[in-house]
Structure formats: C-alpha cells, structure tokens
Amino acid sequence: MKELEFAMEISKSEILLELKGILKAEHLPAVQERLFSSVDGYNKIYFIDIERVKFRDKNYLTMFLELMNFVKGKNSELVIIFHNEDNADYFNPFFNVFKIYESRDSYRKDSGIWEKLKATGITYQRSTGLRLAPGIAIIFMILLAGWILTLFSIISSQDKAIREREAIFSELQNKYMRSSQALEDLKTAVGPLRSMGFRIDTTEKAPLGAISDWEEFWDRFLKEKGREQGRSDASND
C-alpha cells in the first residue's frame, strides 16, 4: 500500500474525499491542510472514505473532531465511510460522536431511523454489529435485569397457584373416590334388606342427597332400622 493518496469528487450537494495509504504522524499536517481546504460552501454533505487507510497515529482522531466541528460551522454534515474492523477499533472511543457508515448509499438509506438511534447512543455497523454507548448499555442492563426479575416473579406466582389448585383437585378427587366407595357399600348393604321387606325411608330430617358423609348416613340408617324393628316386635306382643 502506498503511503498516501488523495482524491475528491464533487456534486451539487455532496463532496466525496477519498484517502488511501498509511497515515503516519509526519503526514498529519499535510492531511489536515488538504481536508480543511476541501470544505467549501454551506449546506453540503462531506463524505470521507477511509476504507483503505491504515492509521499509525492517534492524533488523527483529534483532527477528525476538529474537522467535524469546522464542517458543522458551515451548516454541513461530515460522514466517515468505512466498514473494516481496524478502523472500527481506531474510532471506537468516538464511535457515537461521528457519523460512520459503510457507504454513501447506506447513509442515504439509514439516515432516518439510524440517525435517531445514534442520537440516543446506539450505532450499527455490519462489520462490528450493534454498539451501545456506556450509559445506554447500563440503562439497558438495568431494564433487562428488572424484566428478568419480573418474569421470575410471575412464573413463581403462577407455579404456586398451580400447586394450590393441584392440591385442591387431589383432595376433591380423593373425597369423590371415598364417597363413591361408600355409596357402593351402601347399595350392597341396602339390597338384601329391601329383599327382606324392610322399608327404607331416607326423607326424614335430611334427604339422602343432602348428606355428604355416607358413613354418617349408614349409622343413622341402622339406628332407624333398629327403632322400626323395636316397634314391630312390640306390636306382635
């Protein structure tokens, strides 16, 4: 790669400045003079393509900050074009300060919604993915932690409610089984008595359907049969 190449393309409202080569510390004054002198006129968009640039000095970041402020003073925009990881790492400290895109077309396409996101500290590059400013990342993590805690709380509450319903259902099922068995026992016991001519009256005081405990009913039934048998014996005497 050659040490330095510079090209410029001018249109009605856009100016493309393309740099190529290895930018060392000794090249900084010349690069700075060339870029600043290319800013001419108001209400324009200045694209600086540095895709094929390798930076060898950190002072170029300060130069780009000064150039951005200079361009803003002209009511214009500065857009930096690249998509390689080396330049992404180089501009990382100011990634949310500059307008960085992969191409002019991507800037035109995304300058709507992505500009609004960048204003809140969210940026996206295909090579580096989604990036969050430190403050936005902290807020996002707090919100995510709160959402997770809320989710676990809801799950725990629902699990407790389900367990309580299962316990109630199990109790009702056991009670139903006991009642069914008691009913079957009662039918078995009552059958021979009816065949022997005993009159079974379950309408006194409490009807059969109103007694939930079949064992209690059976005790009452036996007592009633004992009284009827006593009255029958007395009449025979």
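About the criteria used
- Residues numbered from 1 in each chain as written.
- Predicted model: local features only at pLDDT ≥ 70, side-chain atom pairs only at ≥ 80, totals over all residues.
- Heavy atoms only, no water.
- Pairing = 2+ DSSP bridges.
- Helix = DSSP H or I, 4+ residues; strand = E, 2+ residues; numbered from the N terminus.
- Axes fitted to C-alpha atoms, helices over the stretch in contact; angles between N-to-C directions.
- Contact = heavy atoms within 4.5 Å.
- Phe/Tyr/Trp six-rings, centres within 6.5 Å; stacked < 30°, edge-to-face > 60°.
- Buried < 20%, exposed > 50% of the residue type's maximum accessible area, 1.4 Å probe, protein only.

**Remarks on the sheet that holds strand β1 (residues 5-10)**
(1) Moving on: An order of β1-β2-β3-β4-β5 is seen for the 5 strands of this open sheet, with the pairing classed as mixed. Among the strands making up the open sheet, the edge pair consists of β1 and β5 (99-101). Averaged over all neighbouring strand pairs, the angle between strand axes comes to 20°, with direction disregarded.
(2) Moving on: The pairing of strand β4 (residues 77-81) with β5 spans 3 bridges and is parallel. Of the residues in β5, the one forming a bridge with I80 is I100.
(3) Moving on: Along the sheet, helix α1 (residues 28-38) contacts β1, β2 (14-23) and β3 (45-55); its crossing angle with β2, the most-contacted strand, is approximately 175°.

**Focus on the packing of aromatic side chains**
(1) Moving on: One pass over the full model with this rule turns up 13 aromatic pairs.
(2) Moving on: Ring plane angle 5° and centroid distance 4.4 Å describe the contact between F55 and Y90, whose orientation is recorded as stacked. One end of the pair, F55, is in strand β3; the other, Y90, is in helix α3 (residues 85-90), and 35 residues separate them in sequence.
(3) Moving on: On the basis of relative accessibility, which here comes to 10%, the residue F55 falls in the buried class.
(4) Moving on: These aromatic residues form a ring-pair network of at least three members: F55, Y60, F64, F82, Y90, F91, F94 and F98.

Read these as spatial facts, not as claims about activity.
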